[in-house]
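As a plain string of letters, each chain reads:
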Amino acid sequence: MITDQHTERFTQLRPLLFTIVYEILGTATESDDVLQDSYLRWAAVDLATVRDTKSYLAQLVTRQALNSLRASTRRREDYIGPWLPEPLLLDEHDPSADVVLAESVSMAMLVLLETLTPDERAVFVLREVFGFDYDDIAVAVGKSVVTVRQVAHRAREHVRARRRRFAPVGAAKTARITEQFMTAAATGDLEGLLSLLAPDATWTADSGGKTPASRRPVVGAEKVAAVLMKIFRKGRPDLRIEVVNCNNTPALMVHSGDGPQGVFLVEITDGKITSIYAIRNPDKLVAVAVPRRISR
């Protein structure tokens, strides 16, 4: 039976729990489902048996997230075109000015985490982002502490080997380049776009086969610029573009008619745009209008 204590403890930790699940799953809508199911399970727990609410709930939502991730593996294998995480619209006043947290929910990191096994991903997130003890993580993933240490090492090395080696781009510079990108795209300024793109810039679009989009990444500044010119071509007065805070970085949200038609996030290296992630699957844009709070 749900009590005020159950509700109060869960509500207080919800931003943290949501962030854990989102980083394991990469989708906000499925994370909401996991939290709802976890809350119902939490409501049946005798609070007298809970020594550490944060650890207990983190373990609970991690188990449920792993179940959901394993169940969705086949769907992702059969997905049409590249699969990208759902964009996460954040409250502009979110207090998470935390470098580790900001990087952990970045689109680039979430895409990298997709290359890990479910267990590696959960262990990496719990250990490297949230700093949980190996004992707590072992309970969450149902493995021995020795095995969890090995998984953590393997996941850490995997991420380290694939993470770009570059100095973090300041928030002000990221915002400026994103604004320039938006202006160039919206006005059809080809030269402006080319000046912002790295020579080997990559365009990755997630449409799930539900909207027109390349089913393979597009590589090369000229080719990427051509894709952008086609999407934002002049003569489309129905398009409205705004800069929003998605995944702790400025992103472009494109509206047409009553709802969002796409979210575009850029990755910047040495002052140039090296990757553009375009989420255009309408199923992944359903929840993007709802600002979220994250925490660690």
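We now turn to the structure provided with this report. Residue indices follow the written sequence of each chain, beginning from 1 at its first position. The model is predicted, so local features are restricted to residues of pLDDT at least 70 and side-chain atom pairs to those at 80 or more, both for listing and for counting; the totals for chains, interfaces and linings are taken over all residues. As a rule here, side-chain values cover all heavy atoms of the structure and leave hydrogens and water aside.

### Some words on the overall build of the protein chain
1) Next: Broken down by element type, the protein chain carries 11 helices and 6 strands.
2) Next: We compute the radius of gyration from the C-alpha atoms alone; for a globule the expected value is 2.2 Å times N to the 0.38, where N is the number of residues. Over its C-alpha atoms the protein chain spans a radius of gyration of 20 Å, differing by no more than 12% from the 19 Å that the globule rule assigns to 296 residues.
3) Next: Seen along its three principal axes, the alpha-carbon backbone of the protein chain occupies a region of about 65 × 40 × 40 Å.
4) Next: Burial classification: accessible surface area is computed with a 1.4 Å probe over protein chains only, and a residue below 20% of its type maximum counts as buried, one above 50% as exposed, and the rest as partly exposed. Relative to its 296 residues, the protein chain shows a buried fraction of 51%.
5) Next: By definition, residues are in contact when any of their heavy atoms lie within 4.5 Å. Expressed as a percentage of contacts within the protein chain between residues at least 6 apart in sequence, the contacts between residues at least 24 apart total 69%.
6) Next: Using a 1.4 Å probe, the Shrake-Rupley method yields the accessible areas, and only the shown protein chains count as cover for residues. With the model as given, the accessible surface of the protein chain reaches about 14,300 Å², and the carbon-plus-sulfur share is 52%.
7) Next: The convention is simple: Lys and Arg are positive, Asp and Glu are negative, and His and the chain ends are not counted. A charged residue contributes its charge at one atom only: NZ of Lys, CZ of Arg, CG of Asp or CD of Glu. Between the averaged position of the 38 positive side-chain charges in the protein chain and that of its 37 negative side-chain charges there is a distance of 5 Å. Helix and strand definitions here come from DSSP, where helices need a minimum of 4 consecutive H or I residues and strands a minimum of 2 consecutive E residues; each element is numbered from the N-terminal end.

### Section: the nonpolar core
1) Next: Remark: nonpolar core denotes a set of buried residues (Ala, Val, Leu, Ile, Met, Phe, Trp, Tyr, Cys) joined through side-chain atoms within 4.5 Å. Within the largest apolar cluster, 53 residues are counted, with the highest numbers of intra-cluster contacts made by I20, W42 and L113.
2) Next: Mapped by element, the contributors of at least two residues to this core are helix 1 (4–25), helix 2 (28–43), helix 3 (53–77), helix 5 (107–113), helix 6 (118–129), helix 7 (134–141) and helix 8 (145–162).
3) Next: The residues contacting I20, other than those within four sequence positions of it, are A58, V61, T62, V125, L126, F130 and F132.
4) Next: Ranked by size, the runner-up nonpolar core spans 27 residues in total, among them A221, A225, I268 and A278.

### Concerning the pattern of salt bridges
It is possible for side chains bearing opposite charge to pair when their charged atoms get close.
1) Next: Salt-bridge detection follows one rule: a side-chain nitrogen of Lys or Arg within 4 Å of a carboxyl oxygen of Asp or Glu. Applying the stated criterion to the full structure yields 14 salt bridges.
2) Next: Between R296 and D98 there is a salt bridge; the shortest N-O distance is 2.6 Å. Taken as a pair, R296 in the segment after strand 6 (272–279) and D98 in the loop between helix 3 and helix 4 (99–104) lie far apart in primary sequence, 198 residues in all.
3) Next: On the basis of relative accessible area, R296 is assigned to the partly exposed category, the value being 41%.
4) Next: One salt-bridge network, in which partners are shared between bridges, spans R14, D32 and R292.

### With respect to the packing of aromatic side chains
1) Next: Two aromatic rings from Phe, Tyr or Trp, using only the six-membered ring of Trp, form a pair when their centres are within 6.5 Å; if the ring planes differ by under 30 degrees the pair is stacked, by over 60 it is edge-to-face, and anything between is tilted. Taken as a whole and judged by the stated rule, the model has 5 aromatic pairs.
2) Next: Where F18 meets Y22, the ring centres are 6.1 Å apart and the plane angle is 10°; that geometry is what we call stacked. Residue F18 and its partner Y22 are both found in helix 1; the two are separated by 4 residues, about one turn of the helix.
3) Next: We classify Y22 as buried; its relative accessible area is 0%.
4) Next: An angle of 55° between the planes, with centres 5.5 Å apart, marks the rings of F232 and F264 as tilted. You can see F232 sitting in the loop between helix 11 (221–231) and strand 3 (239–246) and its partner F264 sitting in strand 5 (residues 259–269), a full 32 residues away along the chain.
5) Next: Following the ring pairs from residue to residue traces out a cluster consisting of W203, F232 and F264.
6) Next: A positively charged side chain is recorded as over a ring if its NZ (Lys) or CZ (Arg) lies within 6 Å of the ring centre. The angle to the ring normal must also be within 35 degrees. Positioned above the aromatic ring of Y134 is the side chain of R127, whose terminal nitrogen or guanidinium carbon lies 4.2 Å from the ring centre.
7) Next: Over the ring of W83 we find K284, and its NZ or CZ is 3.8 Å from the ring centre.

### Quick notes on the packing of helix 6 against helix 8
1) Next: Across the interface, helix 6 lies against helix 8 with an axial gap of 9 Å and an inter-helix angle of 90°. With respect to helix 8, the element helix 6 is oriented roughly perpendicular. Contact residues: helix 6 offers D119, E120, V123, F124 and E128, while helix 8 offers V148, V151, A152, R154, A155, R156 and V159.
2) Next: In this classification, Asp, Glu, Lys and Arg are treated as charged, Ala, Val, Leu, Ile, Met, Phe, Trp, Tyr, Cys and Pro as nonpolar, and every other residue, Gly included, as polar. Along the lines of polarity and charge, the residues of the contact of helix 6 with helix 8 split into 7 nonpolar, no polar and 5 charged. Each axis is a line fitted through C-alpha atoms, taken for helices only over the stretch in contact, and angles between the N-to-C directions span 0 to 180 degrees. Should an angle fall under 35 degrees it is called roughly parallel, over 145 degrees roughly antiparallel, and 65 to 115 degrees roughly perpendicular, with every other angle called oblique.

### Comments concerning the pairing of strand 4 (residues 249–256)
The two faces of the sheet receive side chains in turn, since in a regular strand these alternate between them.
1) Next: The buried fraction of strand 4 is high, at 8 of 8 residues.
2) Next: With burial as the criterion, each face of strand 4 is covered, one bearing T249, A251, M253 and H255 and the other bearing P250, L252, V254 and S256.
3) Next: A pair of strands is labelled paired if DSSP reports no fewer than 2 bridges between them. Looking at chain direction, strand 3 and strand 4 are connected through 8 bridges and run antiparallel. Bridge pairing links I241 to V254 in strand 4.
4) Next: As paired strands, strand 4 and strand 5 are joined by 6 bridges and run antiparallel to one another. Its bridge partner being in strand 5, V254 is matched across the sheet by G262.

### Remarks on unusual backbone geometry
1) Next: Here the phi dihedral of N247 falls at roughly 55°; this positive angle occurs in a residue that is not glycine.
2) Next: Phi is positive for N248, close to 65°, though the residue is something other than glycine.
3) Next: In this fold, N248 is placed in the loop between strand 3 and strand 4.

### Description of helix 9 (residues 171–187)
1) Next: In this model, helix 9 (17 residues) spans 24 Å end to end at C-alpha, consistent with the 24 Å of a helix rising 1.5 Å per residue.
2) Next: For helix 9, every residue scored as buried is listed here: T174, I177, T178, F181, M182, A184 and A185.
3) Next: G188 sits one or two positions beyond helix 9 and adopts a positive phi of about 70°. One less than the number of residues in a helix, times 1.5 Å, gives the span that helix is expected to have.

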